[in-house]
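Geometric and topological summary
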Amino acid sequence: MDFMDDLDRKIVNRIQKDFPIHSRPFFKIAEELNLPEKTVIDKVRRMKDNNIIRRIGGNFTPGKVGYYSTLCAARVPLNMIDSFTDVVNSYKGVTHNYLREHDYNVWFTFIEESVEIIENNIREISERTGIDDILNLPATDLFKISANFKV
């Protein structure tokens, strides 16, 4: 089942980069795409409601705004991936996660106000899911790349 039509893809591709800083950003996007503003808003809302879009927000260098970040890798049995990622995604500091073909098959990023909050949240995730093999891999160097996904 395909959850996105061609117009959804066009909107997702557009909102990933140079999101308008404007009182009506979806109006600006709609103008660019030659669509009614309501169509863009309705499409984005539907994709968000269906978890196609998890969040729309700015990307900041955590340390420059007083936050800490880490990459986590978890070894999760295949039959527990959905329930594990549901728990992970319930934490506001998780920006994204993804599945990899590796022993550590679920990877996610955490951004929080302190290292202690991150460590406590990882411990909670482990307790809530029963998954105790979660690596905490804080960044030692920052390499920022553009993470735009053509859909």
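Refer to the structure presented above.
Predicted, not measured: the structure shown is a model, and the values here were computed from it.

**Some remarks on a nonpolar patch on the surface**
On the surface, a nonpolar cluster with roughly 300 Å² of combined accessible area is contributed by Phe60, Val65 and Tyr67. As for its placement among the helices and strands, Val65 is situated in the loop between helix H3 (37-49) and strand E1 (68-74).

**Some details on the sheet that holds strand E4 (residues 134-138)**
Pairing within the open sheet is antiparallel, and its four strands lie in the order E2-E3-E1-E4. Strands at the two margins of the open sheet, each flanked by one partner only, are strand E2 (94-99) and E4. With strand direction ignored, the average angle separating the axes of adjacent strands in the sheet is 20 degrees. Pairing analysis gives five bridges linking E1 to E4, with the strands arranged antiparallel. Following the sheet pairing, Ala74 is matched in E4 by Ile134. Contacts from helix H4 (residues 81-89) reach E1, E2, strand E3 (106-112) and E4 within the one sheet, and its direction differs from that of E2 by about 165 degrees. With respect to the sheet, helix H5 (residues 115-129) is in contact with E1, E3 and E4, its orientation differing from that of E3 by roughly 140 degrees.

**Observations concerning the nonpolar core**
Counting 17 residues, the largest nonpolar core has Val76, Phe84, Phe108, Phe110, Ile125 and Ile134 as its most contacted members. Elements with a contribution of two residues or more to this core: E1, H4, E3 and H5. Looking at this core element by element, the count peaks at four residues for H4. Contact partners of Ile134, with chain neighbours within four places excluded, come to Cys72, Ala73, Ala74, Phe84, Phe108, Ile122, Ile125 and Ser126. Listed in part, the twelve residues of the second largest apolar core include Ile29, Leu33, Val40 and Met47.

**Quick word on the environment of Gly66**
Following the sequence through the fold, Gly66 ends up in the loop between H3 and E1. Separated by 16 residues in sequence, Gly66 and Asp82 have C-alpha atoms that sit 32 Å apart.

**Remarks on helix H2 (residues 25-33)**
For H2, the full list of buried residues reads Pro25, Phe26, Ile29, Ala30 and Leu33. Each buried residue of H2 lies within a common arc of 135 degrees when the element is viewed along its axis, so the set occupies one face. Of the surrounding elements, those touching the buried residues of H2 are helix H1 (6-15) and H3. Following H2 by one or two positions, Asn34 adopts a phi angle in the positive range, close to 60 degrees.

Reading the values: the criteria
- Residues numbered from 1 in each chain as written.
- Predicted model: local features only at pLDDT ≥ 70, side-chain atom pairs only at ≥ 80, totals over all residues.
- Heavy atoms only, no water.
- Patch = residues over 30% accessible without salt bridge, like charges linked within 9 Å, V, L, I, M, F, W, Y side chains within 5 Å.
- Areas by Shrake-Rupley, 256 points an atom, 1.4 Å probe, with all protein chains shown as cover.
- Salt bridge = Lys/Arg side-chain N within 4 Å of Asp/Glu carboxyl O.
- Helix = DSSP H or I, 4+ residues; strand = E, 2+ residues; numbered from the N terminus.
- Pairing = 2+ DSSP bridges.
- Axes fitted to C-alpha atoms, helices over the stretch in contact; angles between N-to-C directions.
- Contact = heavy atoms within 4.5 Å.
- Core = buried A, V, L, I, M, F, W, Y, C linked by side-chain atoms within 4.5 Å.
- Buried < 20%, exposed > 50% of the residue type's maximum accessible area, 1.4 Å probe, protein only.
- Arc of directions from axis to C-beta.

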